[in-house]
Amino acid sequence: PLPDALAVLLENDSFTLYQAMPSTDNDADVIPGTLWVFSEGTSLAPAATIFYEAVLYQGTFREKKEAIRELQRLGTPAAVQALSLALSDEDTRMRDAALSALSRIGGDEALAAIASAAQDSDPRVRGEAAAALATGDSETSARYLTMALDDPDPRVRMAVIESLADVPFGTVPNQLTVATLTRALQDDDPEVRMSAVDAMEEIGGDVAYQTLVQSQADRGSDMPDAIRESLFAPEE
């Protein structure tokens, strides 16, 4: 068998064998059969990424899921680039898996790939992208979420608002998040406005309080009762 032969030839050197498997019985859909052998793993990540990228193009559902898991484990810039290709997969489950993997890898490159999902045709996927952006502890996350607040679907806008409240404030300027939520308080959809109120309450602090007070003054009787309750509820 080939693995045994390689073990004899390479002796004590470590090696990894990748064997492309056909995705269907149709020869036209077979992933090109390619063999990579790595001595001591020095070239493992780049070549492995190429292999998994091929799987993402032509593999079965199970093979693609496994490729995404392995790309997440690699976590290299090349792996991030390959995962960004999975964001265009016709199966929304695959796009969700790629978003999850990218959020776990983290970093600016992964965040940029996640943000690209804001253009997805499925509102649910766009909402998942907003949730994934909240995992980034950087100003970049807040900026991407601010742009995503213009989504035409109110469910996505609510997901964006919830994510803005979840972005860690250690590195994200409060004023950027509060300014975005202030805009959300003027949203045409009442549920979106309510979500903005909840997010302001979660953020807390004088800036959020003053913003709610100003919104109450600007909108008057048009402001939901929830804001009044938030502003004037007795302290426990």
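Residues numbered from 1 in each chain as written. Predicted model: local features only at pLDDT ≥ 70, side-chain atom pairs only at ≥ 80, totals over all residues. Heavy atoms only, no water.

Draft legend 1. Spotlight on the environment of Leu164. If you trace the backbone, Leu164 turns up in helix α9 (residues 154–166). When its relative accessible area of 0% is taken as the criterion, Leu164 is described as buried. (Helix = DSSP H or I, 4+ residues; strand = E, 2+ residues; numbered from the N terminus. Buried < 20%, exposed > 50% of the residue type's maximum accessible area, 1.4 Å probe, protein only.)

Draft legend 2. Representation of the side chain of Arg95 in the model. Turning to its location among the elements, Arg95 is positioned in helix α5 (residues 92–105). Setting aside residues up to four positions removed in sequence, Arg95 forms contacts with Ala86, Leu87, Ser88, Asp89, Glu90, Asp120, Ser121, Asp122 and Val125. (Contact = heavy atoms within 4.5 Å.)

Draft legend 3. Molecular detail of the packing of helix α4 (residues 77–86) against α5. Running from amino to carboxyl end, α4 crosses α5 at an angle of 155 degrees, the nearest separation of the two axes being 8 Å. Between α4 and α5, the angle falls in the class roughly antiparallel. As for how α4 packs across α5, the hand of that crossing is left-handed. Within the contact between the two elements, α4 uses Val80, Leu83 and Ala86 and α5 uses Met94, Arg95, Ala98, Ala101, Leu102 and Ile105. Among the residues making up the contact of α4 with α5, the classes are represented as eight nonpolar, no polar and one charged. (Axes fitted to C-alpha atoms, helices over the stretch in contact; angles between N-to-C directions. Parallel < 35°, antiparallel > 145°, perpendicular 65-115°, else oblique. Left-handed = near helix turned anticlockwise from the far one by under 90°. Nonpolar A, V, L, I, M, F, W, Y, C, P; charged D, E, K, R; others polar.)

Draft legend 4. Quick look at α9. With 13 residues, α9 extends 19 Å between its outermost C-alpha atoms, agreeing within 8% with the 18 Å of an ideal straight helix rising 1.5 Å per residue. Listed as buried for α9 are Val156, Arg157, Met158, Ala159, Val160, Ile161, Ser163, Leu164 and Ala165. (Expected span 1.5 Å × (residues − 1).)

Draft legend 5. Focus on the pattern of salt bridges. Overall, the coordinates contain ten salt bridges when judged by the stated rule. Between Asp151 and Arg126 there is a salt bridge; the shortest N-O distance is 2.6 Å. A residue pair is termed long-range when its members are at least 10 positions apart, and Asp151 in the loop between α8 (139–148) and α9 and Arg126 in helix α7 (residues 123–133) qualify at 25 residues. Note on accessibility: Asp151 and Arg126 belong to one class, buried. (Salt bridge = Lys/Arg side-chain N within 4 Å of Asp/Glu carboxyl O.)

Draft legend 6. A look at a negative patch on the surface. A cluster of acidic residues, Glu162, Asp166, Asp198, Glu201 and Glu202, forms a negative patch on the protein surface. Sorting the residues of the negative patch by element identifies α9 and α11 (190–203) as the ones contributing at least two each. The leading source of residues in the negative patch is α11, at three residues. Within the fold, Glu162 resides in helix α9. For Glu162, a relative accessible area of 49% gives the class partly exposed. (Patch = residues over 30% accessible without salt bridge, like charges linked within 9 Å, V, L, I, M, F, W, Y side chains within 5 Å. Areas by Shrake-Rupley, 256 points an atom, 1.4 Å probe, with all protein chains shown as cover. Lys, Arg positive; Asp, Glu negative; His and termini not counted. Charge placed at Lys NZ, Arg CZ, Asp CG, Glu CD.)

Draft legend 7. Representation of helix α3 (residues 61–74) within the structure. Here α3 is 14 residues long and its end C-alpha atoms lie 20 Å apart, about the 20 Å a rise of 1.5 Å per residue gives. Here α3 has its buried residues at Glu63, Lys64, Ala67, Ile68, Glu70, Leu71 and Leu74. Taken down its axis, α3 places every buried residue within 165 degrees of arc, on the same side. Turned more than 90 degrees from where α3 packs its buried face, Arg62 and Arg73 sit exposed. Looking one or two residues beyond α3, the residue adopting positive phi is Gly75, at roughly 65 degrees. (Arc of directions from axis to C-beta.)

Draft legend 8. Spatial organisation of the packing of α3 against α4. As a packed pair, α3 and α4 sit with axes 9 Å apart at the nearest point and diverge in direction by 150 degrees. Judged by the inter-axis angle, α3 sits roughly antiparallel to α4. In the crossing of α3 with α4, the sense of the turn from one axis to the other is left-handed. Facing α3, whose interface residues are Ile68, Leu71, Gln72 and Leu74, α4 presents Ala79, Ala82, Leu83 and Ala86. Residues that form the contact of α3 with α4 fall into these classes: seven nonpolar, one polar and no charged.

Purely geometric stuff here, so don't read any function into it on its own.
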